Amino acid sequence: MQPGLAAAPRARLRRTLGLCSAVALGVGGTIGGGIFVLVGHTAAVAGPAALLAFALAFVAGLLIALPYAELACRYPEAGGGYAFVRAVLGRGWGFMMGWVFWGAYLFVSGYVTLGFGGYLQALTGIPALWGAVGLVIACALVNVAGVRLSGQVQVAVMLLALAGLLGFALAGLPSVDPARFEPWLPNGPGGLLAAALTAFLAFGGFDMVAAAGEEVEQPERNLPRAILATLALVLFVYLLVVLVALGTLGWRELGASAAPLSAAATQFLGPAGGKLIAAVAVCTTAATANAVLVVTSRISFAMARDGLLPAALARVSPATGAPWAAVLVCAAILALVAALGSLRLATAVGGFLYVAHFLPPLLVLLKLRQRGGPPPAFRMPCPALLLPLAFAMSLVMLVSSGWIGLLGGLAWIALGGVLQHLGSMGRAGPKPL
């Protein structure tokens with residue numbers, strides 16, 4: 001417990017999210033700015049094999065999602081990975097896990113909100129910063145009204161976004177030219193691996209479902225289904241979109257474009273295609289921002305409820321069941337990150353922290369499997385093989401985050417360590433003379 005902080009009463013959240021809403025939350029958190037930007041980068045690195053890079057990235061995501069699904073089934077509580085780690089490894093590990101998890105999404109939010117602002121500016125001329133901050137305010141209002149409304153809004157927005165992306169893919173399929181897929185692997189296996197590591201970032205977000213686990217109905221059944229369905233649905237959409245983008249524009253042009261999907265749409269839809277993709281991007285990044293606010297507020301709510309953050313963050317509205325204090329504080333931080341206006345800092349530091357937060361839950365599952373006990377409703381298959389692979393994949397991606405991500409991420413972790421040390425000193429109290 002931090003100095004001067006008292007543990008809040010054990011408030012509980014209401015289970016109001018069904019399977020469809022949980023999947024919408026996961027898909028909304030996954031299909032964000034990544035597909036609109038990373039498709040160009042992966043094409044530049046891997047060539048036409050970017051299609052395979054996204055498939056490999058899905059495999060990496062699945063390796064980590066399977067343990068996450070089992071843990072979510074065992075511990076269907078607010079905070080997701082934080083709740084797993086705190087319950088099994090104790091408060092010290094729990095604080096650091098929650099701190100890293102929270103920081104990851106706080107930083108990544110800048111990528112999402114500024115991306116929304118940029119696309120909104122392309123459509124309406126509204127300054128990007130205004131659009132980004134306005135989006136945070138809108139998401140805060142929706143979430144304060146209650147997670148049920150948030151889930152309903154998420155479903156509606158994601159259906160619109162998916163319709164736009166699928167419309168792009170279906171409209172472009174007849175224009176796909178097989179000749180554009182040659183040479184298949186222009187930069188060799190090394191380019192394919194680098195592109196797969198980049199594409200993995202586009203699959204990040206399935207863990208948001210676990211973070212809202214305390215509000216999911218029939219969590220033992222719905223949480224694993226929602227996590228795995230999120231990845232499967234996202235893979236289907238990504239492969240279709242990447243296939244059309246590569247087959248209509250070509251990998252060189254796609255990799256050189258700042259707005260690759262808009263450039264591809266222009267090839268078969270004309271100038272209106274760019275506007276169409278911008279509109280889809282606005283809807284998608286709005287849904288992602290909403291999902292980010294849901295997960296950050298639930299992490300801070302769970303930590304406050306356990307006495308690891310100020311108890312005021314654990315306040316829940318008796319009318320709506322929403323953790324309104326955590327929502328407002330997280331929204332303020334998200335607005336501040338957007339105001340900084342640095343996409344490079346947000347993505348590098350957020351990416352490092354996002355990968356790092358997967359390691360403690362993997363340790364948790366390893367310990368639980370060694371401990372034994374009654375099996376949960378869902379168990380990941382072949383743990384002796386898949387768990388080591390998940391560890392290895394996480395470490396490789398951690399190293400690939402670059403110096404900005406490494407230094408910024410370690411600085412955030414060090415700050416958490418200082419706060420944790422001050423908290424332990426406060427619990428110990430003054431030594432007797």
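Note that the structure is predicted; figures quoted are calculated from it, not measured.

1. A few points about the packing of helix α4 (residues 81-89) against helix α16 (residues 359-371)
Two packed helices can be described by the angle between their axes and the distance between those axes.
In step 1: Where α4 contacts α16, the two axes come as close as 9 Å, and the packing angle between them is 45 degrees. Relative to α16, the element α4 lies oblique. Crossing geometry of α4 relative to α16 is assigned as left-handed. On α16, the residues that touch Gly81, Phe84, Val85, Val88 and Leu89 of α4 are Pro360, Pro361, Val364, Lys367, Leu368 and Arg371.

2. Points about the environment of Pro48
In step 1: As for its position among the elements, Pro48 is in the loop between α2 (33-46) and α3 (50-74).
In step 2: For the pair Pro48 and Pro186, spaced 138 residues apart in sequence, the C-alpha to C-alpha distance is 8.2 Å.
In step 3: Those residues in contact with Pro48 that lie beyond four places of it in its chain are Arg180, Phe181, Glu182, Pro183, Trp184, Pro186, Leu246 and Trp251.

3. Some words on the nonpolar core
In step 1: Core analysis: the biggest nonpolar cluster contains 126 residues, and Ile31, Phe36, Phe168, Phe203 and Phe206 have the highest contact counts within it.
In step 2: The next biggest cluster of nonpolar side chains, apart from the first, holds six residues, and it includes Ala46, Ala49, Ala195 and Ala196.

4. Concerning the packing of aromatic side chains
In step 1: Counting across every chain of the model gives 12 aromatic pairs.
In step 2: Residues Phe54 and Tyr238 carry aromatic rings whose centres are separated by 5.7 Å and whose planes lie at 80 degrees to one another, so their mutual orientation is edge-to-face. Pair noted here: Phe54 is in helix α3 and Tyr238 is in helix α10 (residues 219-249), with a separation of 184 residues, a long-range link.
In step 3: Overall, the relative accessible area of 0% leaves Phe54 in the buried class.
In step 4: Note on Tyr238: relative accessible area 0%, which makes it buried.
In step 5: Arranged with centres 6.2 Å apart and planes meeting at 55 degrees, the rings of Phe58 and Phe203 form a pair that is tilted. Within this pair, whereas Phe58 is found in helix α3, its partner Phe203 is found in the loop between α8 (188-200) and α9 (207-211), the two being separated by 145 residues in sequence.

What counts and how
- Residues numbered from 1 in each chain as written.
- Predicted model: local features only at pLDDT ≥ 70, side-chain atom pairs only at ≥ 80, totals over all residues.
- Heavy atoms only, no water.
- Axes fitted to C-alpha atoms, helices over the stretch in contact; angles between N-to-C directions.
- Helix = DSSP H or I, 4+ residues; strand = E, 2+ residues; numbered from the N terminus.
- Parallel < 35°, antiparallel > 145°, perpendicular 65-115°, else oblique.
- Left-handed = near helix turned anticlockwise from the far one by under 90°.
- Contact = heavy atoms within 4.5 Å.
- Core = buried A, V, L, I, M, F, W, Y, C linked by side-chain atoms within 4.5 Å.
- Buried < 20%, exposed > 50% of the residue type's maximum accessible area, 1.4 Å probe, protein only.
- Phe/Tyr/Trp six-rings, centres within 6.5 Å; stacked < 30°, edge-to-face > 60°.

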